[in-house]
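What follows is the residue order along each chain.
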Amino acid sequence: MMQFIEGGVCAAQGFRAAGVHMGVKTHNTSKKDVALIVSDVECAAAAVFTKNAVKAAPIHVDREHLKNGRAKAIIVNSGNANACAPNGEENAKRMCAAAAKAIGCAVEDVLVSSTGVIGQTINIELIENGVPALYEMLESSAAASDAAAHAIMTTDTVKKEVAVETEVGGKRVVMGGIAKGSGMIHPNMGTMLCFLTTDCAISSEMIRAALLETVGVSFNRISVDGDTSTNDSCIVLANGKAGNAEITEKGEDYAAFLEALQTLCIALAKAMASDGEGAKHLITCTVKGAKSEAAAETIGKSVISSTLTKAAIFGADANWGRVLCAMGYSGEDFDPDRVDVHFASAAGDIAVCRQGRGLSFDEDLAKKILSEHDVEIHITMGEGSAACTCWGCDITYDYIRINGDYRT
């Protein structure tokens, strides 16, 4: 039976982590800014990266290092994106080399990620000098995962850290993850970094297949501000320490692994949407009765990405017309006269539109419902049986404040 547990990226057997302040974040000397995650043994590995044509240097390096589907460690910095920066790839490789030297592994077995300001040269000497001490701090503990989770944060206000346990092939299998993401979040991944670890025995081919399936129903269904970043990376390492028979094809064991991975990543994705820059509300949009899951997803993404819908939720204004408007420009063909909409939260549930027409409703109750932190938009299409859920957040004055002076 699958359940959530403590421990983050250190919950699975054979993984250690650490996070420290090295000075990459020059404006804040108290925040951690470099993390290291290491497996005791080589892992099957896979990753998914941003679809932005402008890609940060670490992504190019990781693609090379992942050609054999194997890895042992991940080194990450926040405070500097190492994107569109002088000597970007050289510096990303130097980060890998510094970690590899401390660990005692091949440079190609180290993956690298960065997040922060674009276009500025990273202080690579600072990181190289700090890696030996960082390595000595590695621990297999919840506190170590917590330190790593904090070290990858930029404008995040809370850490994103989850772990689950399940059964695969009669063995207890654990997987955990840490992530960062608050702004530049949009379908096709946003300024998000996500690092996943598991002790499940699974082939490189199967873990890549599982990751691709998972990203499609989790990170690619969230939006904060419509911007897709240059650095988005989701990396998973599997070291096989659980002792289950290696998963080499799709079947019962693969399905159990996939379910746990999707549960983990959906939880992290929702945490990112909830912590959107300046956000006061998590918006969950569920589309039902669509003619296909793809159609439901297109419509759901359009609604959670709508600036006007986000503004309405911020103001607790039950302006359902903005929902229909966002559906209408989604590019999906549907009959507006079949659409029902209602809003819901812990404060109640209220129908606001039936068959494409407005209903009389209690404005005070609607405002109370939309004043809760977690707000739901339920859309019924009346065209089929497919469904999809997407996640977003409201847009507030603080979003402009945060991004108006991000570099400084």
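About the criteria used
- Residues numbered from 1 in each chain as written.
- Predicted model: local features only at pLDDT ≥ 70, side-chain atom pairs only at ≥ 80, totals over all residues.
- Heavy atoms only, no water.
- Buried < 20%, exposed > 50% of the residue type's maximum accessible area, 1.4 Å probe, protein only.
- Helix = DSSP H or I, 4+ residues; strand = E, 2+ residues; numbered from the N terminus.
- Pairing = 2+ DSSP bridges.
- Polar contact = N/O pair within 3.5 Å; in protein donor to acceptor, adjacent residues only side chain to side chain.
- Contact = heavy atoms within 4.5 Å.
- Salt bridge = Lys/Arg side-chain N within 4 Å of Asp/Glu carboxyl O.

S.K.: Please explain the pairing of strand 6 (residues 160–168) as it appears in this structure.
M.R.: Taking burial as the measure, the nine residues of strand 6 include seven buried ones, the bulk of the element. Pairing between strand 1 (residues 3–5) and strand 6: three bridges, direction antiparallel. In the sheet register, Phe4 faces strand 6, and the bridge partner there is Val164. Where strand 6 meets strand 7 (residues 171–180), nine bridges bridge the pair, whose relative direction is antiparallel. Residue pairing across strands places Val168 opposite Lys171, the latter belonging to strand 7. Hairpin connection, strand 6 to strand 7: the antiparallel pair is bridged by two residues, and Gly169 has positive phi, about 60°.

S.K.: How do you make sense of the side chain of Lys160 when you look at a structure like this?
M.R.: Within the element layout of this structure, Lys160 appears in strand 6. Residue Lys160 is classed as buried on the basis of its relative accessible area of 1%. Polar contacts involving the side chain of Lys160 include one to the side chain of Asp156, which spans 2.7 Å. Here the side chain of Lys160 touches Val158 through a polar contact of 3.2 Å, landing on its backbone oxygen. Excluding residues that lie within four positions of it along the chain, Lys160 makes contacts with Ala149, Gly177, Ile178, Ala179, Gly181, Leu268, Ala271, Met272 and Asp275.

S.K.: Looking at this structure, how should I read the pattern of salt bridges?
M.R.: Note that side chains of opposite charge can pair when their charged atoms are close. Following the criterion strictly, the structure yields 16 salt bridges and no others. One salt bridge in this structure joins Arg94 and Glu90, with 3.9 Å as the shortest N-O distance. Of the two residues, Arg94 and Glu90 both sit in helix 2 (residues 88–103), four residues apart, roughly one turn of that helix. Owing to a relative accessible area of 25%, Arg94 belongs among the partly exposed residues under this scheme. In this structure Glu90 comes out as partly exposed when scored by relative accessible area, which is 44%. For the salt bridge of Glu161 with Lys159, the shortest nitrogen-to-oxygen distance reads 2.7 Å. For Glu161, a relative accessible area of 23% gives the class partly exposed. When its relative accessible area of 31% is taken as the criterion, Lys159 is described as partly exposed.

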